[in-house]
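Here's the letter readout for the chains.
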2 protein chains.
Amino acid sequence: MVRRRQAVTIKHVAADAGVSLQTVSRVINKEPNVRPQMQERVQASIDKLGYVPSRAAQRMSGSRSYLILALNDRERTIADWRARQGSDWVDQMLLGGMLKCAEYGYRMMFELVDTHNDHVERELSAAITALQPDGVILTPPHSDNPLIVNLLDKHNIPFARIGSAGWAVGIPLTMGDEQAGKDATQHLIDLGHEKVAFISGPDEYILSSWRRAGWQCAMGNAGLAIDGLIANGDFSFESGRIAAEQLLGKTDRPTAILASNDQMAMACLEVAREKGLVVPDDLSVVSFDNTPIVALTDPPLTAVDQPIAETTSRAVELIIAAKNGNRTPDGPIIVPAGFVERGSTAAPPRG
Amino acid sequence: MVRRRQAVTIKHVAADAGVSLQTVSRVINKEPNVRPQMQERVQASIDKLGYVPSRAAQRMSGSRSYLILALNDRERTIADWRARQGSDWVDQMLLGGMLKCAEYGYRMMFELVDTHNDHVERELSAAITALQPDGVILTPPHSDNPLIVNLLDKHNIPFARIGSAGWAVGIPLTMGDEQAGKDATQHLIDLGHEKVAFISGPDEYILSSWRRAGWQCAMGNAGLAIDGLIANGDFSFESGRIAAEQLLGKTDRPTAILASNDQMAMACLEVAREKGLVVPDDLSVVSFDNTPIVALTDPPLTAVDQPIAETTSRAVELIIAAKNGNRTPDGPIIVPAGFVERGSTAAPPRG
DNA sequence: GTGAAAGCGCTAACAA
DNA sequence: TTGTTAGCGCTTTCAC
């Protein structure tokens, strides 16, 4: 195996520009105390020689790694990948995260971590020690895992917590789930629906409760009862089926269902079809997330759009800002959800 | 900002075990010349102290970076992400690549590179210098970009070329496109079709010609004419529309179409519908790639399945093997495509 | 504002 | 088989 040495190092640049290593280092890192003239001369040498600093060496000498680690739940992520149902959560994170990282000379790396596992800490510690990332992005359900959050806090690594709002550590970001749930429900109420049912997500995800709260709030504001209009799911298609059957099996069935994610909404579509209900004539359905698949169902689903790319992009910005010593905003950052109206919603049936 | 030092270094382990740094290093790297007893003692200290080597330091001292870089075409990848049409190319690469990397203590990192750009070389050189990856995975159309291939060869970095077969550099891997094209065509012929048309991909992708060759071969073997049965596309939906209109506009129209990717096949579905043709009764359609979306079209598309995860996984294995000094296999590696029969194929209309 | 020296954590090369 | 020494490329002190 060939022992590979850096072709052009800071030394070559220093020699070429006739300055000390230190000055070159200062120019690379855009430090203040360098005369413009000096900086130009060094920059010229850098460009001429095509010098690019070694991240490993920078990291070694106690500076940054220019690396941000994005953590996702191993089990769920792999299951999504294998299922090949078009969930593009990871892609949207990459889209928002990688591009924003690139703007700052950073890079993003993905890492899968088991939540349901007593060695989360060991797993994550190892990754941090090996990689020494400058920041970490947590996604649900990790964002609210106290083991993970405390570990990161202890290590003093800036970290974002997507889909999380509480605690005084890290940088929480949400899509305003409660408001989104409220708006979606209100949209159905505005169409004339009075019996708007809700299928919740698992309690493990804190955003499940927010979405429910939004629905509940809109219903309450409109003076509508919610008795018997809630069913519990766990984000899986199958749980959505069970919930939908429970909801639509009653004589006094709801005229609209707001499901906490796409899979469960698709299950509603299937159950409705089996029961001879036409969507949206007999039943309106709205989902959360808006993964690519919901534009292709029959009918296409009206959905709350989760702005993953934008949220990840903000997370990267805030992590780098924190790394640069800027204060982290006080409250949680809200990157508002969107709402895409498609064919699964209409006025309720008359009578 | 806190200056972060490694909590547990090789020194601590050495002290704890009462051995030299070098011995610890040998244990970490599973080198042979260490007495079992010694190795156990050191390993015990490692476990006790929770030591994990710093990748940066390992890289700095001339060893590996334990990093494999996966290169994708910037323009196309970002377009796919933004389009949100459920293309899971990146996800499948991650699935196959990350998991295999993890087995060997490696990590995979994604990087986007412009092909149509005179500074590909500068761009890629910078990434290589900054990151010092132990290997690189090239995807189409990069796999056949001479600038990229030569650069990697010159740097002496093991690299895989997915979707490529030629040249004596790097590790070429294909899904056996020609065979897949042949099989798909044969499948249609077996159903009774005689006029099987083909929509090609852009010439920029070498696999376009392989897929075409497979179709041509099957048609030839069956003694069927191909005049007027080929149309050129560029993988875009719109180009697929144009090709389909050209093909289906004739009086003597084909009874089946094999499209070189999913988007163009979907365009065929749309054009057929506009012309009042029922798929699969009046027209059979088969696509290449089998992205998640094609299971949801109306009717669902019969498709050649591109084994991206498996191919990426093999690529990682071979790169690491090469890094370990093993000889690279001679011919191109073939990870055979699959074939998924769905509702878009049937016997041709009687007539 | 600029430079010189020390050291980050690890491994290659050499010595014992 | 094990230990010692000398860096890798860079940034952090700390002088000047």
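Residues numbered from 1 in each chain as written. Chains lettered and ligands numbered in written order. Predicted model: local features only at pLDDT ≥ 70, side-chain atom pairs only at ≥ 80, totals over all residues. Heavy atoms only, no water.

Whenever I open this one, the overall build of chain A confuses me. Can you help?
Each helix and strand in chain A was counted, giving 13 helices and 12 strands. Here the C-alpha coordinates of chain A stretch approximately 90 × 40 × 40 Å along the principal axes. Considering chain A as a whole, with its 351 residues, one finds that 56% of them fall into the buried category. Here the contacts in chain A between residues at least 6 apart in sequence split such that 71% fall between residues at least 24 apart. Total accessible area on chain A stands at roughly 14900 Å², and carbon and sulfur atoms take up 49% of it. (Helix = DSSP H or I, 4+ residues; strand = E, 2+ residues; numbered from the N terminus. Buried < 20%, exposed > 50% of the residue type's maximum accessible area, 1.4 Å probe, protein only. Contact = heavy atoms within 4.5 Å. Areas by Shrake-Rupley, 256 points an atom, 1.4 Å probe, with all protein chains shown as cover.)

Looking at this model, I keep getting lost on unusual backbone geometry. Mind explaining?
The phi angle of most residues is negative, glycine excepted, and most peptide bonds adopt the trans form. Look at the link from Val279(A) to Pro280(A): it is a cis peptide, with omega at 10°. Look at Tyr66(A): it is not a glycine, yet its phi comes out positive at around 55°. Mapped onto the elements of the fold, Tyr66(A) is located in the loop between α4 (55-60) and β1 (67-73). Notably, Lys30(B) is not glycine yet its phi reads approximately 50°, a positive angle.

I keep staring at the protein's contact with DNA strand D and nothing clicks. Help me out?
Around DNA strand D, the structure places 27 residues, and the nearest of them are Ile10(A), Gln22(A), Tyr51(A), Ser61(A) and Thr23(B). Take the atoms of DNA strand D that sit within 4 Å of the protein: sugar and phosphate atoms are 64% of them. Within the contact set of DNA strand D, a base oxygen lies 2.7 Å away from a backbone nitrogen or oxygen of Met60(B). Elements represented by at least two residues in the surface near DNA strand D include exactly α2 (21-28) and α4 of chain A together with α2 (21-28) of chain B. (Near = heavy atom within 4 Å. Polar contact = N/O pair within 3.5 Å; in protein donor to acceptor, adjacent residues only side chain to side chain.)

For this particular structure, what's the right way to read helix α11 (residues 237-248) of chain A?
For an α-helix, the turn length of 3.6 residues means that residues three or four places apart are oriented alike. For α11(A), which comprises 12 residues, the first-to-last C-alpha distance of 16 Å matches the rise-based estimate of 16 Å (1.5 Å per residue) to within 8%. Where α11(A) is buried, its residues touch β6 (196-200), β7 (230-232), β8 (256-259) and α12 (262-274) of chain A. (Expected span 1.5 Å × (residues − 1).)

Could you clarify how one ought to interpret the sheet that holds strand β4 (residues 159-162) of chain A in this entry?
Within a sheet, neighbouring strands are paired by backbone hydrogen bonds and run either parallel or antiparallel to one another. Residue and element names in this part refer to chain A. The six strands are arranged β2-β1-β3-β4-β5-β11 in an open sheet whose pairing can be described as parallel. For this open sheet the edge positions go to β2 (107-113) and β11 (333-334), each flanked by a neighbour on one side alone. In the sheet, β1 pairs with β2 via seven bridges, with the strands oriented parallel. Following the sheet pairing, Leu67 is matched in β2 by Arg107. Of the strands in this sheet, β1, β2 and β3 (135-138) are in contact with helix α6 (residues 89-103), which crosses β2 at around 145°. (Pairing = 2+ DSSP bridges. Axes fitted to C-alpha atoms, helices over the stretch in contact; angles between N-to-C directions.)

Help me understand the sheet that holds β6(A) in this model?
Residues and elements named next belong to chain A. Here we have six strands laid out as an open sheet, ordered β7-β6-β8-β9-β10-β12, and mixed in their pairing. Strands at the two margins of the open sheet, each flanked by one partner only, are β7 and β12 (338-340). In this sheet, neighbouring strand axes are inclined to one another by 20° on average, regardless of whether the strands run parallel or antiparallel. Both β6 and β7 contribute to a ladder of three bridges, which runs parallel. Paired with Phe198 across the bridge in β7 is Ile230. Here α11 sits on the sheet in contact with β6, β7 and β8, set at roughly 155° to β7. The strands touched by α12 are β6, β8 and β9 (284-289); relative to β9, the strand with the most contacts, the crossing angle is about 160°.

What is the right way to read the protein's contact with DNA strand C from this model?
Contacts to DNA strand C come from 27 residues, most closely from Thr23(A), Ile10(B), Gln22(B), Tyr51(B) and Ser61(B). Near the protein, meaning within 4 Å, the atoms of DNA strand C are sugar or phosphate in a fraction of 64%, with bases accounting for the rest. Between a phosphate oxygen of DNA strand C and a side-chain N or O atom of Thr23(A), the distance comes to 2.4 Å. Considered class by class, the residues forming the surface near DNA strand C number nine nonpolar, 14 polar and four charged. (Nonpolar A, V, L, I, M, F, W, Y, C, P; charged D, E, K, R; others polar.)

Explanation requested: the domain arrangement of chain A in the structure shown.
Residue and element names in this part refer to chain A. Domain annotation for chain A reports domain 1 (10-53), domain 2 (67-175 + 307-336) and domain 3 (177-305). The straight-line distance from the C-alpha centre of domain 2 to that of domain 3 is 28 Å. For the domain 2 and domain 3 pair, buried surface summed over both sides reaches about 1200 Å², with 56% attributable to carbon and sulfur atoms. Sorting the residues of domain 2 by area buried against domain 3 places Arg76, Gln85 and Met175 first, and these three jointly supply 42% of that buried surface. Viewed at the interface, domain 3 and domain 2 are joined by zero salt bridges. Residue classes in the side of domain 2 that touches domain 3 are distributed as five nonpolar, seven polar and three charged. (Domains from an automatic or database assignment. Buried area = accessible area lost by both parts, 1.4 Å probe. Salt bridge = Lys/Arg side-chain N within 4 Å of Asp/Glu carboxyl O.)

Quick question: what am I supposed to make of the nonpolar core here?
Side chains of nonpolar character tend, in soluble globular proteins, to be buried together. The biggest cluster of nonpolar side chains holds 59 residues, and the ones touching the most others in it are Leu94(A), Ile137(A), Leu94(B) and Ile137(B). Apart from residues lying up to four places away in sequence, Ile137(B) is in contact with Ile68(B), Leu69(B), Ala70(B), Leu71(B), Met93(B), Met108(B), Ala160(B), Ile162(B), Thr312(B), Ala315(B), Val316(B) and Ile319(B). (Core = buried A, V, L, I, M, F, W, Y, C linked by side-chain atoms within 4.5 Å.)

I keep staring at the pattern of salt bridges and nothing clicks. Help me out?
Any two side chains of opposite charge can pair, given that their charged atoms come close. Under the defined criterion, the tally for this structure stands at 36 salt bridges over all chains. Two residues, Arg84(B) and Asp305(A), come together in a salt bridge whose shortest N-O distance is 3.2 Å. Residue Arg84(B) is found in the loop between α5 (74-83) and α6 (89-103), and its partner Asp305(A) is found in strand β10 (residues 302-305); the two belong to separate chains. Across the pair Arg241(B) and Glu270(B) runs a salt bridge, and its minimum N-O distance is 2.4 Å. Linking Arg241(B) in helix α11 (residues 237-248) with Glu270(B) in helix α12 (residues 262-274), this pair joins segments that are 29 residues apart in sequence.

When you look at the packing of helix α1 (residues 10-17) of chain A against helix α3 (residues 36-49) of chain A in this model, what are you seeing that I'm missing?
Each pair of packed helices can be described by the angle between their axes along with the distance between the axes. All names here are of chain A. Close contact between α1 and α3 brings their axes to 9 Å; oriented N to C, the two are set at 125°. Looking at the two axes, α1 sits oblique to α3. In this structure, α1 meets α3 at a crossing whose hand is right-handed. Of the residues in α3, those touching α1 at His12, Val13, Asp16 and Ala17 are Arg41, Val42, Ser45, Ile46, Lys48 and Leu49. The residue inventory of the contact of α1 with α3, partitioned by class, reads five nonpolar, two polar and three charged. (Parallel < 35°, antiparallel > 145°, perpendicular 65-115°, else oblique. Left-handed = near helix turned anticlockwise from the far one by under 90°.)

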